[in-house]
Protein chains: 2
Amino acid sequence: MEKQTVTIYDVAREAAVSMATVSRVVNGNPNVKPATRKKVLAVIERLDYRPNAVARGLASKRSTTVGVIIPDVTNIYFAALARGIDDIAMMYKYNIILTNSDDAGEQEVNVLNTLMAKQVDGVIFMGNHIDDKLRAEFKRAKAPVVLAGTVDPNNETPSVNIDYAAAVEEVVTNLIARGHKKIALALGSLSQSINAEYRLTGYKRALTKAKIPFDDALVYEAGYSYDAGRKLQPVIADSGATAVFVGDDEMAAGLINASMESGINVPDDLEVVTSNDTIITQITRPAITSITQPLYDIGAVAMRMLTKLMNDKELDEKTVTLPYGIVRRGSTKSAD
Amino acid sequence: MEKQTVTIYDVAREAAVSMATVSRVVNGNPNVKPATRKKVLAVIERLDYRPNAVARGLASKRSTTVGVIIPDVTNIYFAALARGIDDIAMMYKYNIILTNSDDAGEQEVNVLNTLMAKQVDGVIFMGNHIDDKLRAEFKRAKAPVVLAGTVDPNNETPSVNIDYAAAVEEVVTNLIARGHKKIALALGSLSQSINAEYRLTGYKRALTKAKIPFDDALVYEAGYSYDAGRKLQPVIADSGATAVFVGDDEMAAGLINASMESGINVPDDLEVVTSNDTIITQITRPAITSITQPLYDIGAVAMRMLTKLMNDKELDEKTVTLPYGIVRRGSTKSAD
DNA sequence: TTGAAAGCGCTAACAC
DNA sequence: GTGTTAGCGCTTTCAA
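Everything numeric in this text was worked out from a predicted model, so none of it was measured.

### Focus: the side chain of Thr278(B)
Consideration 1: Structurally, Thr278(B) can be placed in the loop between β9 (271-274) and α12 (280-283).
Consideration 2: Ignoring any residue separated from it by four or fewer positions in sequence, one finds Thr278(B) in contact with Ile76(B), Tyr77(B), Asp249(B) and Leu295(B).

Printed below as a string of structure tokens:
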């Protein structure tokens, strides 16, 4: 299996120039006489020389790879961000080391450390919660970190998001306007700040505006999965809620399917609104009214910010808030 | 932003041992006196020393990273494989450089080359088609390549798959047994061998067994997307087909939703069977009968094979065929 | 415009 | 059990 490898030194010898010159032509340095460049290029071609990025990384202290920490590639929401990240990374000649963290703090720290060991030039972090431990690691890291679709309540780390609180507030306000008094909130764990500090906040703001008392019995912590949604359905049915805002599309799909199966009509008996506008929202019947987010762009913008940081440029704004929307589909009754 | 970096040399000096000894304890080499090890470990702790994986890679010629080429992370099917790959990689202390190829030959070749430049120890390739150009690159690569969920008709590259032809044959045979004579085949491009040489083959075998003449007007090349499925629906409706086998779950979902909306009942007027048993198949109404594949395991097994190859071990079998199943859901009529 | 030479931080013989 | 010494393949001053 061992194939001999041709190095910059071989090229230099064959072309009768120095390694430095070869390095210059490989790196597009303009200070090379066209004739020399041509000669070197010919030898490179003939020898099929491929620069060794690892050696280059060691010498230059830049690996041209960035780490991406994702809860789970299999999660449609985060996968969409990842695609935006990779496209922009590629555009800037970076590669992505992708690692799943399962949203587990310990794993996130481990992964971050192995990424640093691999000398990534930067890191994009996606997750549902950032605790002090993680924040400390970000600070300690010698490469910049940008959050994508991930909130840091302390606002210490640059990030790209939508205004989750405002979006939820708008959704719930719409629901209230249509007469709902008991609106359930189906979220992931409240230990995650996106839920506890943003979605819940938006929800409460809407209630307050409408002078509806907050009832924490209507707030449910479940998992972000289809089955979690199904399991939650009877619980929500018992609560007497007539509408529900859900934090994850798959969960919303499970909730809707289970409702319809048990004779609870969506939207007549229960209106459902979800969060991420993934393809799931179009596939269910009824289709799901959802907050819309520029998923791809969240990733893309985060990666753009990271490239700036990696080149020691200043960020125009540390916290980028992209616009959200709300798209009405069959899971809610038509506008009033 | 520059943080000074502590090297193996610093540790050696502080611990009053040689670099070699530090290297040994870092790498768990047993040939170190416990007392020495302890002393070194203490210094490592105190200095917060982190080995530089790039330097290690250059010196040892092993980067402990593998390249993963995926058509699109956003594709639920491939994402599921990717998760299996990453989990096993992590288990073996490898990291994954993930790159999207959009199934485009040229991009696949580029990406493969940059992965090789980064000195990956191996590559997992996922895609819908392998042409001669790509095969040549695989051969030329100095790191082993394993295909996951991807067929090489020439069988030159190690791979992990299910028996697509047999699965489709079984599906179509079942359909025929229930009285269908006109069964459509909704696939991706026939230039992709998984379609042209496997699914189509299985389809034809089933027809032949039942002495039903093959009609290529019933074979449709569409895209692997929800919208492609929707667009295909009227075409299939016009064909007079009473059943259809679909090559992608999202496409099947689009086909089903569009059918129901235009008054064609699934499964009464049109039975639908799909290929990948992703979560999509449970979300639609009716839910979709599907071939089941051990998605995660396809990735996991491929990665296991790759670890063997990377350690110059022999493969028990070059082509691994994992078992498939068929799960009946609402998009087909109940068993006869 | 080009070359010489000194590393980058680590591993891997080899010697002791 | 431990140290010495070459590199790994490249970038990057510094001189020329």
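### Things to note about the packing of aromatic side chains
Consideration 1: All told, the structure shown has six aromatic pairs over all chains when counted by the stated rule.
Consideration 2: For the pair Tyr203(A) and Phe214(A), a centre-to-centre distance of 6.1 Å together with 80 degrees between the ring planes defines the contact as edge-to-face. With Tyr203(A) in helix α9 (residues 193-209) and Phe214(A) in the loop between α9 and β7 (219-221), the pair connects residues that are eleven residues apart, well separated along the chain.
Consideration 3: Phe214(A) gets classed as partly exposed once you look at its relative accessible area, which sits at 36%.
Consideration 4: Both rings, one in Phe125(B) and one in Phe138(B), keep their centres 5.4 Å apart while their planes meet at 70 degrees; by these two values the pair is edge-to-face. Residue Phe125(B) is located in strand β3 (residues 122-125), and its partner Phe138(B) is located in helix α7 (residues 132-140); the two are separated by 13 residues in the primary sequence.
Consideration 5: Here Phe138(B) falls in the buried class, since its relative accessible area comes to 8%.
Consideration 6: The positively charged end of Lys204(A) is found above the aromatic ring belonging to Phe214(A), 4.7 Å away from the centroid.

### So, unusual backbone geometry
Consideration 1: Cis peptide bonds are those with omega within 30 degrees of zero, and the linkage from Val266(A) to Pro267(A) qualifies with 10 degrees.
Consideration 2: Counting through the fold element by element, Pro267(A) comes out in the loop between α11 (249-261) and β9 (271-274).
Consideration 3: With an omega of 0 degrees, the peptide bond between Arg285(B) and Pro286(B) qualifies as cis.
Consideration 4: Structurally, Pro286(B) can be placed in the loop between α12 and β10 (289-292).

### Brief notes about the sheet that holds β10(B)
Residue and element names in this part refer to chain B.
Consideration 1: Within the open sheet, the six strands sit side by side as β7-β6-β8-β9-β10-β12. Their pairing is mixed. The open sheet has two edge strands with one neighbour each: β7 (219-221) and β12 (325-327). The mean inter-strand angle of the sheet, taken between neighbouring strand axes irrespective of direction, is 20 degrees.
Consideration 2: The pairing of strand β6 (residues 183-187) with strand β8 (residues 243-246) spans four bridges and is classified as parallel. What sits directly across from alanine 184, in β8, is valine 244.

### A word on the nonpolar core
Generally speaking, nonpolar side chains in soluble globular proteins are found buried as a group.
Consideration 1: Counting 145 residues, the largest nonpolar core has Tyr203(A), Ile236(A), Met303(A), Tyr203(B), Ile236(B) and Met303(B) as its most contacted members.
Consideration 2: Non-local contacts of Ile236(B), meaning those with residues more than four positions away in its chain, are made with Ala184(B), Ala186(B), Tyr220(B), Ala241(B), Val244(B), Leu255(B) and Leu270(B).

### Regarding the pattern of salt bridges
All names here are of chain A.
Consideration 1: Counted under the stated rule, the structure contains 38 salt bridges over all chains.
Consideration 2: With a shortest N-O distance of 3.3 Å, glutamate 169 and lysine 209 are connected by a salt bridge. You can see glutamate 169 sitting in helix α8 (residues 164-177) and its partner lysine 209 sitting in helix α9, a full 40 residues away along the chain.
Consideration 3: Residue arginine 329 is joined to aspartate 277 by a salt bridge in which the shortest nitrogen-to-oxygen separation is 2.8 Å. Residue arginine 329 is located in the segment after β12 (325-327), and its partner aspartate 277 is located in the loop between β9 and α12 (280-283); the two are separated by 52 residues in the primary sequence.
Consideration 4: Residue class for aspartate 277 comes out partly exposed when judged on its relative accessible area of 23%.

### Some remarks on empty space enclosed by the protein
Consideration 1: Inspection of every chain in the model, using the stated rule, returns ten cavities of 30 Å³ or more.
Consideration 2: Considered as a void within the structure, the largest cavity measures approximately 220 Å³ in volume.
Consideration 3: Surrounding the largest cavity, 14 residues form its lining, Val54(A), Thr65(A), Lys118(A), Val54(B) and Lys118(B) being those nearest its centre.
Consideration 4: Secondary structure elements with two or more residues in the lining of the largest cavity: α4 (53-60) of chain A together with α4 (53-60) of chain B.
Consideration 5: By residue class, the composition of the lining of the largest cavity is six nonpolar, six polar and two charged.

Definitions and limits used
Residues numbered from 1 in each chain as written. Chains lettered and ligands numbered in written order. Predicted model: local features only at pLDDT ≥ 70, side-chain atom pairs only at ≥ 80, totals over all residues. Heavy atoms only, no water. Helix = DSSP H or I, 4+ residues; strand = E, 2+ residues; numbered from the N terminus. Contact = heavy atoms within 4.5 Å. Phe/Tyr/Trp six-rings, centres within 6.5 Å; stacked < 30°, edge-to-face > 60°. Buried < 20%, exposed > 50% of the residue type's maximum accessible area, 1.4 Å probe, protein only. Lys NZ or Arg CZ within 6 Å of the ring centre and 35° of its normal. Pairing = 2+ DSSP bridges. Axes fitted to C-alpha atoms, helices over the stretch in contact; angles between N-to-C directions. Core = buried A, V, L, I, M, F, W, Y, C linked by side-chain atoms within 4.5 Å. Salt bridge = Lys/Arg side-chain N within 4 Å of Asp/Glu carboxyl O. 1 Å grid on protein atoms, 1.4 Å probe; cavity = no way out; pocket = protein on both sides within 12 Å on 5 of 7 lines; lining within 4 Å. Points joined across faces, edges and corners; volume = space filled by probe spheres on them. Nonpolar A, V, L, I, M, F, W, Y, C, P; charged D, E, K, R; others polar.

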